[in-house]
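# Structural description and commentary
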Amino acid sequence: MNPYVLTILLSSLGLGTVLTFASSHWLLAWMGLEINTLAIIPLMARQYHPRAVEATTKYFLTQATAAAMILFASTTNAWLVGEWDIQQLTHPIAVTTAMLALALKVGLAPVHFWLPEVLQGLDLTTGLILSTWQKLAPFALMLQVAPTVNSSLIVTLGLLSTLVGGWGGLNQTQLRKILAYSSIAHLGWMVLIMQFAPSLTLLSLIMYIIMTSSAFMTLKTNNSLTINALAISWTKAPTLAALAILVLLSLGGLPPLSGFMPKWLILQELTKQGLPMSATLAAMTALLSLYFYLRLCYAMTLTIWPNTLAATTPWRLDFTHTTLPLSIVTMLALGLLPLTPAVAALLDL
């Protein structure tokens, strides 16, 4: 892609998100979301491949539907209450419609069906942008809308997402689909606590972005798209393969890795709020996700590619990629757990 065009598209991505962050009026927020969507579509379709075009079309249709629902919800609220302000969304119909529209935007269950299919059709770099940056603007709106939404709806969306995210990833062989279901499960954890401790949602989102960035960059460096391809990744970069296993376990939420921090604090907060059953269910669904992360770890460490040909093994990694960002996010994804007391004090938990 032409570097000038790429610069314009990436700038528009940033502009759309910042516009939504800065807006207090529904129309301005909607415009930010639309700029965001329109900027990423050429990036998604730049591989001239039927799957990429199909993924782009699916993404466009779902995002357009969600944007129309947001516009409908805000207009309904303006008609019934006389307010366009984002935090003044008070009418039950408008609030529920807006929440479901934003759930569709980010890919929460039960409106998650587009996310694995779209992510599967993209290359890893665009998939990384879709899984991280594209979640920021809708989440900013969700955090503002959440206080007026029925808490049963939010808890149901959260628990259903953690369950679907764990269940859906069990039978997958494609790494991008596994990461998509992992994304759905993590979004479920964030939404579950959204009404009770918004600061925890933010912490969880930051940790998710760090860990997912590390996972995507590792796969890109190893050029692995399927579980079978992971079996030969250790020959390319043994150190990276060892760290990738730890990153996957961090995504699963195992101590003493960074991914344990948000899960621990969320379960603690849910128990404080008198929701022990929701906390138990969320913890049980985390085991489903952990199973498929362990499956990937098993493929990377305990299986050897069936080599019957006298082929040369790719022992050396071709260092054409910049590995500094990968190193930084991997270290963050593995080593932030000791900061938990400081984070808890900072967030007043």
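Residues numbered from 1 in each chain as written. Predicted model: local features only at pLDDT ≥ 70, side-chain atom pairs only at ≥ 80, totals over all residues. Heavy atoms only, no water.

An unreviewed UniProt entry lists the protein chain under the name NADH-ubiquinone oxidoreductase chain 2, from Coregonus peled. The Subcellular location (unreviewed entry) comment attached to the protein chain in UniProt states, word for word, "Mitochondrion inner membrane". (UniProt positions renumbered as here; feature names shortened; annotations may be inferred.)

## Side note on the nonpolar core
If you look at the biggest cluster of nonpolar residues, it comprises 68 residues, and the most contacted ones within it are Y59, V118 and L130. Looking at which element gives the most residues to this core, the answer is helix α15 (residues 276–301), with 9 residues. For this core, the domains that each give at least three residues are domain 1 (1–149) and domain 2 (197–348). When residues no more than four places from it in sequence are discounted, the contact partners of V118 are M44, A55, K58, Y59 and L130. I86, L108, L136 and L157 belong to the second-largest nonpolar core, a separate cluster that totals 32 residues. (Core = buried A, V, L, I, M, F, W, Y, C linked by side-chain atoms within 4.5 Å. Buried < 20%, exposed > 50% of the residue type's maximum accessible area, 1.4 Å probe, protein only. Helix = DSSP H or I, 4+ residues; strand = E, 2+ residues; numbered from the N terminus. Domains from an automatic or database assignment. Contact = heavy atoms within 4.5 Å.)

## Let's talk about a nonpolar patch on the surface
Side chains of L38, F60 and L61 sit close together on the surface and give an oily, nonpolar patch of about 300 Å² of accessible area. Within the element layout of this structure, L61 appears in helix α3 (residues 50–80). (Patch = residues over 30% accessible without salt bridge, like charges linked within 9 Å, V, L, I, M, F, W, Y side chains within 5 Å. Areas by Shrake-Rupley, 256 points an atom, 1.4 Å probe, with all protein chains shown as cover. Salt bridge = Lys/Arg side-chain N within 4 Å of Asp/Glu carboxyl O.)

## Considering the pattern of salt bridges
Applying the stated criterion across every chain yields a total of 4 salt bridges. Residue K58 pairs with E117 through a salt bridge whose shortest N-O separation is 4.0 Å. Here the residue K58 occupies a position in helix α3, and E117 occupies one in helix α5 (residues 114–120), the gap between them amounting to 59 residues. According to the relative accessible area criterion, K58 is partly exposed, its value standing at 30%. What makes E117 partly exposed here is its relative accessible area of 36%.

## Considering the domain arrangement of the protein chain
Its domain assignment divides the protein chain into domain 1 (1–149) and domain 2 (197–348). Put simply, the middle of domain 1 and the middle of domain 2, counted by C-alpha atoms, are 26 Å apart. Contacts between the two partners involve 11 residues from domain 1, matched on the other side by 14 residues from domain 2. Surface buried jointly by domain 1 and domain 2 totals about 1000 Å² across both partners, of which 86% is contributed by carbon and sulfur atoms. Across the domain 1-domain 2 interface, the total number found is 0 salt bridges. Applying the counting criterion to the domain 1 and domain 2 interface returns 2 residue pairs in polar contact (both at pLDDT 80 or more). Contributing elements (two or more residues each) for the side of domain 1 that touches domain 2: α6 (124–131) and α7 (133–145). With 5 residues, the top contributor of residues to the side of domain 1 that touches domain 2 is α6. (Buried area = accessible area lost by both parts, 1.4 Å probe. Polar contact = N/O pair within 3.5 Å; in protein donor to acceptor, adjacent residues only side chain to side chain.)

## Observations regarding the packing of aromatic side chains
Across all of its chains, the model carries 3 aromatic pairs by this definition. Ring geometry for F260 versus W264: centroids 5.5 Å apart, planes at 20 degrees, classification stacked. Of this pair, F260 and W264 both sit in helix α14 (residues 260–272), 4 residues apart, which is roughly one turn of that helix. Judged by its relative accessible area of 24%, F260 is partly exposed. Relative to Y293, the ring of F292 has its centre 4.9 Å away and its plane inclined at 55 degrees; by these criteria the two rings are tilted. A relative accessible area of 0% places F292 in the buried class. Accessibility expressed as a relative area gives 1% for Y293, which makes it buried. The ring of W189 has K263 lying over it, and the distance from NZ or CZ to the ring centre is 5.2 Å. (Phe/Tyr/Trp six-rings, centres within 6.5 Å; stacked < 30°, edge-to-face > 60°. Lys NZ or Arg CZ within 6 Å of the ring centre and 35° of its normal.)

## Describing the packing of helix α9 (residues 175–192) against helix α10 (residues 198–222)
Between α9 and α10, whose axes approach to 10 Å, the crossing angle comes to 170 degrees. Here α9 lies roughly antiparallel to α10, going by the angle between them. Mapping the contact onto sequence places L175, L179, S183, H186 and M190 in α9 and T201, S204, L205, Y208, M211, A215, F216 and L219 in α10. When grouped by side-chain class, the residues that make up the contact of α9 with α10 number 9 nonpolar, 4 polar and no charged. (Axes fitted to C-alpha atoms, helices over the stretch in contact; angles between N-to-C directions. Parallel < 35°, antiparallel > 145°, perpendicular 65-115°, else oblique. Nonpolar A, V, L, I, M, F, W, Y, C, P; charged D, E, K, R; others polar.)

## Overview of unusual backbone geometry
Note that the residue after A109, namely P110, is joined by a cis bond; omega there is 5 degrees. Structurally, the position occupied by P110 is in the loop between α4 (92–106) and α5. Between P255 and the following residue, P256, the backbone shows a cis peptide bond with an omega angle of 5 degrees. Here the phi dihedral of N223 falls at roughly 55 degrees; this positive angle occurs in a residue that is not glycine. Among the secondary structure elements, N223 is positioned in the loop between α10 and α11 (227–230).

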